[in-house]
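Survey of secondary and tertiary structure
One letter stands for each residue in the lines below.
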Amino acid sequence: MTYLTVYSDNEQPETLLETEDSAEIEAALKDIDVVLRHWQVIDDLPPDAGQEEILAAYRAEVDRVIAEEGYTFVDVARLHPDDSADWPQRAAAARQKFLAEHTHDDDEVRYFVSGSGIFYLHVGGKVHAVLCEAGDLLSVPKNTTHWFDMGTRPAFTAIRFFHDDDGWVGDFTGSPIAERIPDFDTIAATRAARTG
């Protein structure tokens, strides 16, 4: 289930909203031109399913989004804990890549097949922290300032949609705003305490 926290973007951010109410979340995101949809999660996909298997399982939904929006490149991004010696370094490097505020010349569209992550959308003096989980499809318009946090122990698989084959290309703003807003682990712990 999606969880939204909205913060002010001043030096000492204030929490303006915390909610799991889907109608409230969709209304708040609509105000900043962000679309949140939900797909039925396919539960019988094996944990180690590859890109082709995942895309085949969600083919009808993927094809519908491609037809609606004209995307030409679709792939699967995934990061899950493993027992390899280099896992902590790989996880930290992957997380760091997306933690600074940036924009894209393309929409950022992600469907969470499994796991979770938070998109932080910095618009109109507020930061909307959208914790997405399996079943959530988030569509962020191009040029929206944002960042993404997968936490210190990343665990997610997501289908990504692009208008060209270059894939993910970020234009970083240089703003330190992400350092002032609670991170994935803090928001996830707050949510767990709040919802019991």
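Anything mentioned here points back to the structure above.
Note that the structure is a prediction, hence the values are computed from the model and not measured.

Calculation criteria
- Residues numbered from 1 in each chain as written.
- Predicted model: local features only at pLDDT ≥ 70, side-chain atom pairs only at ≥ 80, totals over all residues.
- Heavy atoms only, no water.
- Buried < 20%, exposed > 50% of the residue type's maximum accessible area, 1.4 Å probe, protein only.
- Helix = DSSP H or I, 4+ residues; strand = E, 2+ residues; numbered from the N terminus.
- Pairing = 2+ DSSP bridges.
- Salt bridge = Lys/Arg side-chain N within 4 Å of Asp/Glu carboxyl O.
- Arc of directions from axis to C-beta.
- Contact = heavy atoms within 4.5 Å.
- Polar contact = N/O pair within 3.5 Å; in protein donor to acceptor, adjacent residues only side chain to side chain.
- Core = buried A, V, L, I, M, F, W, Y, C linked by side-chain atoms within 4.5 Å.

1. Concerning the pairing of strand β10 (residues 156-162)
Summarising burial for β10: seven of the seven residues are buried, a large majority. Judged by which residues are buried, β10 turns out to be covered on both faces: F156, A158, R160 and F162 on one side and T157, I159 and F161 on the other are all buried. Pairing geometry for strand β4 (residues 73-79) and β10, over seven bridges, is antiparallel. The residue of β10 that forms the bridge with A77 is A158.

2. A word on the pattern of salt bridges
Using the criterion set out here, one finds eleven salt bridges in the structure. Between D149 and R95 there is a salt bridge, and its shortest N-O distance comes to 2.6 Å. Highlighted residues: D149 in strand β9 (residues 146-149) and R95 in helix α4 (residues 87-98), separated in sequence by 54 residues. Among the residues examined, D149 registers a relative accessible area of 1% and is labelled buried. Given the relative accessible area of 14%, R95 is considered buried. Notably, a salt bridge pairs R110 with E108, separated by 3.1 Å at the nearest N-O pair. No difference in accessibility class separates R110 from E108, as the two residues are buried. Within this structure, E20, E133 and R191 form a network of salt bridges that share partners.

3. What to know about helix α1 (residues 22-30)
Residues three or four positions apart in an α-helix share a direction because the helix packs 3.6 residues into each turn. Along α1, the residues that are buried comprise I25, A28 and L29. Down the axis of α1, the buried set is contained in an arc of 95 degrees. They therefore lie on one face. Exposed positions of α1 whose direction lies more than 90 degrees from the buried face are A23 and K30. In this structure, the buried residues of α1 make contact with β1 (3-8), β2 (15-19), β3 (35-38), β6 (108-123), β7 (126-133) and β8 (136-140). The distance from a side-chain oxygen at the start of α1 to the backbone nitrogen of A23 is 3.2 Å, and the residue carrying that oxygen is D21.

4. Structural notes on the environment of L137
Secondary-structure assignment places L137 in strand β8. Here L137 falls in the buried class, since its relative accessible area comes to 3%. Residues L137 and L36 lie 101 residues apart in sequence; the distance between their C-alpha atoms is 5.7 Å. In contact with L137, not counting residues within four places along its chain, are V35, L36, R37, W39, V65, V109, R110, Y111 and F161.

5. Remarks on the nonpolar core
Generally speaking, nonpolar side chains in soluble globular proteins are found buried as a group. Within the largest apolar cluster, 24 residues are counted, with the highest numbers of intra-cluster contacts made by L29, L121, L138 and F156. Elements with a contribution of two residues or more to this core: β1, α1, β4, α4, β6, β7, β8 and β10. Here L121 is in contact with L29, I32, V34, K126, V127, H128, V130, V140, T145 and H146, once residues within four sequence places are set aside.

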